[in-house]
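# Observations on the model geometry
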Amino acid sequence: MTSGSRARVLSARGLSKVYGKDAGLVRAVDEVELDVAPGETLAVMGPSGCGKSTLLHLLGGLDRPSSGEIWLAGHRADRMGERALARLRRDAVGFVFQAFHLMDELTAVENVELPALLAGRSPRAARVLATELLDRVGLGDRAGFLPAALSGGQRQRVAIARALANEPAVVLADEPTGNLDSAATLDVLRLFESLHDAGQTLVVVTHDSRIAATADRMISM
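Bear in mind the structure is a predicted one, so any value in this text is a computation, not a measurement. (Residues numbered from 1 in each chain as written. Predicted model: local features only at pLDDT ≥ 70, side-chain atom pairs only at ≥ 80, totals over all residues. Heavy atoms only, no water.)

### Here's the deal with the packing of aromatic side chains
Counting across every chain of the model gives one aromatic pair. Ring geometry for F95 and F97: centres 5.9 Å apart, planes at 10°, overall stacked. Using a relative accessible area of 16% as the deciding quantity, one classes F95 as buried. When its relative accessible area of 19% is taken as the criterion, F97 is described as buried. Across from the ring centre of F145, 5.1 Å away, lies the NZ or CZ of R142, which sits over that ring. (Phe/Tyr/Trp six-rings, centres within 6.5 Å; stacked < 30°, edge-to-face > 60°. Buried < 20%, exposed > 50% of the residue type's maximum accessible area, 1.4 Å probe, protein only. Lys NZ or Arg CZ within 6 Å of the ring centre and 35° of its normal.)

### Description of the sheet that holds strand β1 (residues 10-19)
Pairing is antiparallel in the open sheet, where four strands are placed in the order β2-β1-β4-β5. Two strands lie at the open edges of the sheet, namely β2 (26-36) and β5 (75-76), each paired on one side alone. Inspection of the sheet shows strand β4 (residues 67-72) paired to β5 by two bridges, in the antiparallel sense. Note that in β5 the partner of L72 across the bridge is H75. Taken strand by strand, helix α2 (residues 52-59) contacts β1, β2 and β4, and its axis lies near 125° from that of β1. (Pairing = 2+ DSSP bridges. Helix = DSSP H or I, 4+ residues; strand = E, 2+ residues; numbered from the N terminus. Contact = heavy atoms within 4.5 Å. Axes fitted to C-alpha atoms, helices over the stretch in contact; angles between N-to-C directions.)

### Some points on the confidence of the model for the protein chain
Predicted coordinates in regions of low pLDDT should not be interpreted in detail. The predicted model of the protein chain averages 93 in pLDDT, with 97% of residues at 70 or higher. Every residue in residues 1-6 is under pLDDT 50, and counting partners more than four places away or in other chains gives three contacts. (pLDDT = per-residue confidence, 0-100.)

### Considerations on helix α3 (residues 82-92)
Buried within α3 are the following residues: L85, L88 and A92. Buried residues of α3 fall within an arc of 60° about the axis and therefore sit on the same side. In α3, the exposed residues that point more than 90 degrees away from the buried face are E82 and R83. Residues of α3 that are buried make contact with β4, β5, β6 (93-97) and β7 (170-174). (Arc of directions from axis to C-beta.)

### Some details on the environment of D78
Structurally, the position occupied by D78 is in the loop between β5 and α3. Put simply, D78 and D91 are 13 residues apart on the chain and 16 Å apart in space, counted from C-alpha to C-alpha. Within the structure, the side chain of D78 is placed 2.9 Å from the backbone nitrogen of I70, a separation counted as a polar contact. A distance of 2.6 Å separates a polar atom in the side chain of D78 from a polar atom in the side chain of R76. (Polar contact = N/O pair within 3.5 Å; in protein donor to acceptor, adjacent residues only side chain to side chain.)

### Focus: the nonpolar core
Counting 35 residues, the largest nonpolar core has V112, L133, L134, V158, I160 and F192 as the members making the most contacts within it. When residues of this core are traced back to their parent elements, those giving at least two are α4 (108-118), α5 (123-136), α6 (152-163), β7, α7 (182-197) and β8 (202-205). The element that contributes the greatest number of residues to this core is α7, accounting for six residues. What I160 contacts, discounting residues up to four positions off in sequence, is V96, V188, L191, F192 and L195. Counting 28 residues, the second-largest nonpolar core is a separate cluster that includes L56, I70, L72 and V205. (Core = buried A, V, L, I, M, F, W, Y, C linked by side-chain atoms within 4.5 Å.)

### Observations regarding the packing of α4 against α5
Running from amino to carboxyl end, α4 crosses α5 at an angle of 125°, the nearest separation of the two axes being 8 Å. Overall, the two elements α4 and α5 adopt an arrangement that is oblique. The way α4 lies across α5 gives a crossing that is right-handed. On the side of α4, the interface is formed by A108, V109, E110, V112, E113, A116 and L117, while α5 contributes P123, A126, R127, L129, A130, T131, L133 and L134. (Parallel < 35°, antiparallel > 145°, perpendicular 65-115°, else oblique. Left-handed = near helix turned anticlockwise from the far one by under 90°.)

### With respect to the side chain of E113
Tracing the backbone through its elements, the reader meets E113 in helix α4. What E113 contacts, discounting residues up to four positions off in sequence, is A126, R127 and A130.

### So, the pattern of salt bridges
Counted by the stated rule, this structure contains 13 salt bridges. Linking R142 and D141 is a salt bridge whose minimum nitrogen-to-oxygen distance equals 3.0 Å. Overall, the relative accessible area of 26% leaves R142 in the partly exposed class. Owing to a relative accessible area of 54%, D141 belongs among the exposed residues under this scheme. A single salt-bridge network, built from bridges that share partners, covers R13, E33 and D35. (Salt bridge = Lys/Arg side-chain N within 4 Å of Asp/Glu carboxyl O.)

As structure tokens, this is what we get:
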């Protein structure tokens, strides 16, 4: 690993993902070269079906590349076994999805504390952390609510709080405002701006030009 790569939170070299073969072959991601610096917000834009979400899943270790390298928080992620990769995902990456992916049977605070519990924090420490994170995203008064009792924007803010639970090196967000109305989108936009101001590294796949406009850099696929 070069000294330049060590200065990056996330890097890809010749990153490709291919599905099918012969006449049915689809190149979802094709020879991507990418570097994300600490504290940078990167927006990834492009038409539906161009491979944006696939790229994000590869970068976060949710999917395996067909070829190429992925360096995540100083580790060569594409060469890791499943258990080591799962630990790296847990410790270094926070995920935010369009569909929220909250646990319906858990309250907001229980959803947020879950990653910390899985990482080995004590129940008390995890609860204190989750409470602080809900306060940070403006939902301290909704800690005991189930997701069904929250609006879409509130559920996304819970999901963002959950993504921050283990102090990730990078937050990867896939269309985080795709299911939200204009008012909720503005709330999430302000939250991402505050995360950027606090030095959090962010990679955001989005169709929303307002989200992209807050980024330090934008790439198109």
